[in-house]
Amino acid sequence: MHERSLLVTLLKQVSAIQVEHGGAAVQEIAVEAGSLSGVEPLLLQNAFLEFAPRFPEAILSIQRTPVTARCQTCHHSWSMDVFLSECPACHQPRVQITGGDEFRLISVTLKDHDRGCLP
Amino acid sequence: MSPMKIEVNKPVLHEQQQKAAWLRQSWTAQQTLVVHLVSSPGAGKTSLLEATARFWQNRYRMAVLVGDLATERDAERLSPLAPTQQLTTGGACHLEIDLIEQGWSKFPTTSYDFLFIENVGNLVCPASFDLGEHLRVAMLSVTEGDDKPGKYPKLFRTCQAFIINKADLLPYVPFSVEAATRDALIIQPDLHVMTLCAWRNENIETWCRYLVDQRQQLIDGHA
């Protein structure tokens with residue numbers, strides 16, 4: 001879902017971090033794409049290729065995180081790669097998603113941060 | 001020189017989410033219930049808003065932000081009935097908070113009891129973008145099939161209400177209201193489900209009463 005437009009938003013934030021740190025080259029952009037985030041890692045990587053000239057030395061590291069949930073009936077917590085709408089313990093449908101539904105920027109690693117120039 | 005790792009650990013859409021939360025807070029303070037309608041193209045969002053405006057007949061102050069890829073057709077239908085701003089996305093398949101903020105700023109007043117946001121016809125992408133609403137409503141028409149809630153879990157999980165529209169066609173289509181309701185409630189047990197026919201104004205009173213109740217709860221909760 002909208003991997004390219006999300007990437008544009010993400011890379012604006014990465015560029016701002018670069019500027020804050022004297023324009024050092026980006027070595028790695030680490031993101032987390034939850035299984036319920038709507039972001040497909042392969043599509044995100046493909047979209048990132050378009051921006052390679054702006055970040056020639058950067059790799060995009062995508063961690064896929066499982067969905068975590070908590071049952072509002074029996075309070076059982078669990079994680080799942082595919083969303084299930086009922087609690088595996090008591091089989092009630094009152095499931096609260098507690099994680100795995102976000103697309104997050106985790107960290108930006110700058111190369112040779114003491115010197116560098118903007119691309 | 002060694003690499004430097006800068007920890008961020010924030011949602012990529014953090015700024016947009018903050019903006020949506022801020023707008024929601026200001027609407028709450030103004031006692032404006034914001035209702036976000038999501039459906040496939042042609043399920044009846046605009047017809048429902050027309051029916052709502054006609055039912056209330058200015059007893060409540062309502063305004064509409066309506067999103068489409070192109071044309072102002074929906075705004076042309078709604079403007080005679082309620083203050084309306086057309087948000088033309090020019091290609092984007094869903095509304096985002098920046099467009100909402102822009103559209104909202106164009107109303108001559110902020111004193112509305114209800115603000116309706118009619119999203120672009122799409123059951124997928126709108127589920128992922130917070131528009132500052134208090135109430136998110138999924139609409140399905142009976143011609144779309146009663147298996148749809150399970151196929152769009154993210155939308156139904158993030159909604160508070162589910163409207164089954166075009167009930168006048170039930171005798172002619174293989175749609176089970178019971179099956180669609182059951183499917184939706186598995187995903188979101190707290191959904192408020194209503195069946196109606198917008199263009200024939202059938203059961204609009206139930207929908208409008210639900211909205212008034214929701215607004216009263218908003219006011220009571222904020223007091």
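In this report, we go over the structure that sits alongside the text. This structure is a prediction, so every number in the text was calculated from the model and none was measured. (Residues numbered from 1 in each chain as written. Chains lettered and ligands numbered in written order. Predicted model: local features only at pLDDT ≥ 70, side-chain atom pairs only at ≥ 80, totals over all residues. Heavy atoms only, no water.)

Quick notes on the nonpolar core
(1) Moving on: One finds V35(B), L48(B), F116(B) and W207(B) to be the most contacted residues of the largest nonpolar core, which totals 30 residues.
(2) Moving on: Elements supplying a minimum of two residues to this core: β2 (33-39), α2 (45-56), β3 (62-68), α3 (73-78), β5 (114-118), β6 (135-141), β7 (161-165) and α8 (204-222) of chain B.
(3) Moving on: No other element matches the six residues that α8(B) contributes to this core.
(4) Moving on: Grouped together as the second largest cluster of nonpolar side chains are 27 residues, I29(A), F55(A), V108(A) and L110(A) included. (Core = buried A, V, L, I, M, F, W, Y, C linked by side-chain atoms within 4.5 Å. Buried < 20%, exposed > 50% of the residue type's maximum accessible area, 1.4 Å probe, protein only. Helix = DSSP H or I, 4+ residues; strand = E, 2+ residues; numbered from the N terminus.)

Remarks on the interface of chain B and chain A
(1) Moving on: On the side of chain A, 30 residues touch chain B, which itself brings 26 residues to the contact.
(2) Moving on: Here chain B and chain A share an interface that buries about 2,600 Å² over both sides, 59% of which is from carbon and sulfur atoms.
(3) Moving on: Our count for the chain B to chain A interface comes out at one salt bridge.
(4) Moving on: Its salt-bridge partner being D190(B), residue R94(A) comes within 2.8 Å of it at the nearest N-O pair.
(5) Moving on: In this assembly, chain B and chain A are joined by eleven residue pairs in polar contact (both at pLDDT 80 or more).
(6) Moving on: When residues of the side of chain B that touches chain A are traced back to their parent elements, those giving at least two are β1 (4-11), α6 (153-157) and α7 (177-187) of chain B.
(7) Moving on: With eight residues, β1(B) is the single largest residue contributor to the side of chain B that touches chain A.
(8) Moving on: Split into classes, the residues belonging to the side of chain B that touches chain A amount to 15 nonpolar, five polar and six charged.
(9) Moving on: Sheet analysis places strand β6 (residues 103-110) of chain A next to β1(B), joined by six bridges and oriented antiparallel. Following the sheet pairing, V108(A) is matched in β1(B) by I6(B). (Contact = heavy atoms within 4.5 Å. Buried area = accessible area lost by both parts, 1.4 Å probe. Salt bridge = Lys/Arg side-chain N within 4 Å of Asp/Glu carboxyl O. Polar contact = N/O pair within 3.5 Å; in protein donor to acceptor, adjacent residues only side chain to side chain. Nonpolar A, V, L, I, M, F, W, Y, C, P; charged D, E, K, R; others polar. Pairing = 2+ DSSP bridges.)

Brief notes about the pairing of strand β1 (residues 26-34) of chain A
Working note: regular strand, side chains alternate between the two faces of the sheet.
All names here are of chain A.
(1) Moving on: Two elements, β1 and β6, share seven bridges in a ladder whose sense is antiparallel. Pairing of E28 across the sheet is with T109, part of β6.
(2) Moving on: With helix α2 (residues 41-49) bridging β1 and the parallel strand β2 (residues 59-65), this β-α-β connection has right-handed handedness. (Right-handed = clockwise from strand over helix to strand, strands pointing away.)

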